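Structural overview for review
The residues making up each chain are set out below.
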Amino acid sequence: MAIKVGDTLPLDLKLKEMKDGAPKDVALGEIFKGKRVVLFAVPGAFTPTCSMKHLPGFVAEAEKIRARGVDDVVCVAVNDAFVMDAWGKSSGATGKVRMLGDGNGDFTRAVGLELDATGFGMGKRSQRYGMVVKDGKVEQLQGPGLNVCSADSMLAQL
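Presented here is an overview of the structure given in this document. (Residues numbered from 1 in each chain as written. Predicted model: local features only at pLDDT ≥ 70, side-chain atom pairs only at ≥ 80, totals over all residues. Heavy atoms only, no water.)

1. So, the packing of aromatic side chains
Stated precisely, the cut-off is as follows: Only the six-membered ring of Trp is used, alongside the rings of Phe and Tyr, when aromatic pairs are assigned; centres must lie within 6.5 Å, and planes under 30 degrees apart are stacked while those over 60 apart are edge-to-face, with the rest tilted. Every helix listed is a DSSP run of H or I at least four residues long, and every strand listed is a run of E at least two residues long, numbered separately from the N terminus. For every residue, the accessible area obtained with a 1.4 Å probe (protein chains only) is divided by the maximum for its type, and the residue is called buried under 20%, exposed over 50%, and partly exposed between those limits.
Within the structure shown, the criterion is met by two aromatic pairs. With 3.8 Å between their ring centres and 5° between their planes, F40 and F58 make a pair best called stacked. Taken together, the positions of F40 in strand β3 (residues 36–42) and F58 in helix α2 (residues 48–66) put the pair 18 residues apart, joining distant regions of the chain. Residue class for F40 comes out buried when judged on its relative accessible area of 0%. Pairing F46 with W87 gives two aromatic rings, centres 6.3 Å apart and planes at 50°, and the pair type is tilted. With a gap of 41 residues between them, F46 in the loop between β3 and α2 and W87 in helix α3 (residues 81–90) connect regions that are remote in the sequence. Given the relative accessible area of 47%, F46 is considered partly exposed.

2. A closer look at unusual backbone geometry
A cis amide bond, omega -5°, links G143 with the succeeding residue P144. Relative to the assigned elements, P144 resides in the loop between β9 (137–142) and α5 (146–149). The phi dihedral of D20 falls on the positive side, at around 55°, and the residue is not glycine. By the element assignment, D20 lies in the loop between β1 (14–19) and β2 (22–27). Of note, D135 is a non-glycine position whose phi angle comes to about 50°, a positive value. Note on placement: D135 falls in the loop between β8 (129–134) and β9.

3. Points about the nonpolar core
Soluble globular proteins: nonpolar side chains tend toward being buried together. Counted only if it meets this: For this analysis, a nonpolar core means a set of buried residues of the types Ala, Val, Leu, Ile, Met, Phe, Trp, Tyr and Cys, connected via side-chain atoms within 4.5 Å. When checking whether two residues touch, look at their non-hydrogen atoms; a contact exists if any pair is within 4.5 Å.
Membership of the largest hydrophobic core comes to 23 residues, with the highest contact counts inside it found for F40, F58, C75, W87, V97 and M99. If you list the elements that add at least two residues to this core, you get β3, α2, β4 (72–77), α3 and α6 (151–157). At five residues, the largest contribution of residues to this core is made by α2. Setting aside anything within four residues of it in sequence, one finds C75 in contact with F40, V42, M84, W87, V97, R98, M99 and L100. If you look at the next biggest cluster of nonpolar residues, it comprises 20 residues, including V37, A41, V74 and F107.

4. Notes on the environment of V111
Here V111 is to be found in the loop between α4 (106–110) and β6 (114–116). The sequence separation of V111 and P10 amounts to 101 residues, and the corresponding C-alpha distance is 8.0 Å.

5. Re the pairing of strand β5 (residues 98–101)
Cut-off, in case you're wondering: For two strands to be treated as a pair, DSSP must find no fewer than two bridges joining them. Handedness of a crossover is defined as follows: orient the strands so they point away from the viewer, and if the path from the first strand over the helix to the second runs clockwise, the crossover is right-handed.
Of the two faces of β5, the one holding R98 and L100 and the one holding M99 and G101 are both buried throughout. By the bridge criterion, four bridges tie β4 to β5 in an arrangement that is parallel. Bridge assignment links A77 to a residue of β5, and that residue is G101. The parallel pair β4 and β5, bridged by α3, forms a crossover whose chirality is right-handed.

6. Structural notes on the pattern of salt bridges
Convention followed: We define a salt bridge as a side-chain nitrogen of Lys or Arg found within 4 Å of a carboxyl oxygen belonging to Asp or Glu.
Per the counting criterion, the structure on display carries 11 salt bridges. With a closest N to O distance of 3.5 Å, K4 and D7 form a salt bridge. The exposure class assigned to D7 is partly exposed, which follows from its relative accessible area of 25%. Note that R98 and D72 form a salt bridge whose closest N and O atoms lie 3.6 Å from each other. Highlighted residues: R98 in strand β5 and D72 in strand β4, separated in sequence by 26 residues. For the pair R98 and D72, a shared accessibility class is recorded, and that class is buried. Each of E17, R66, D72 and R98 takes part in salt bridges that share partners, so that together they form one network.

Written out as structure tokens, the structure reads:
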């Protein structure tokens, strides 16, 4: 069952982030506790729509999003931390969007937003969505689809 507005995220789950040249565990509790965060998920790093439209919008609008009372902007994909780090660097996301890997899809499955992309040779991925999370609780949830969870769309909801 998919997570919905008002639900609390599974704060004990961990994602991966590159720190000092190595992948490190980051508990969801560390990301969300005491903060208001915009999290958006994409089907895959370096894929066309994700690379040309979704991530670039958040990179460009990160400052405006933060100005609306958001502490952090987080991108999640069912990719490993190495890929997420490389994608972030090549997209100019460093210091603007935090790039977190859900390599095994544990978070994606836990929130019920998995996408079966096996027909495209991509395996199990994440749906495209965006959420505003305050202190671990889902305040807003938009998606699936770029038209409802783009940076501009999320910014209009803040």
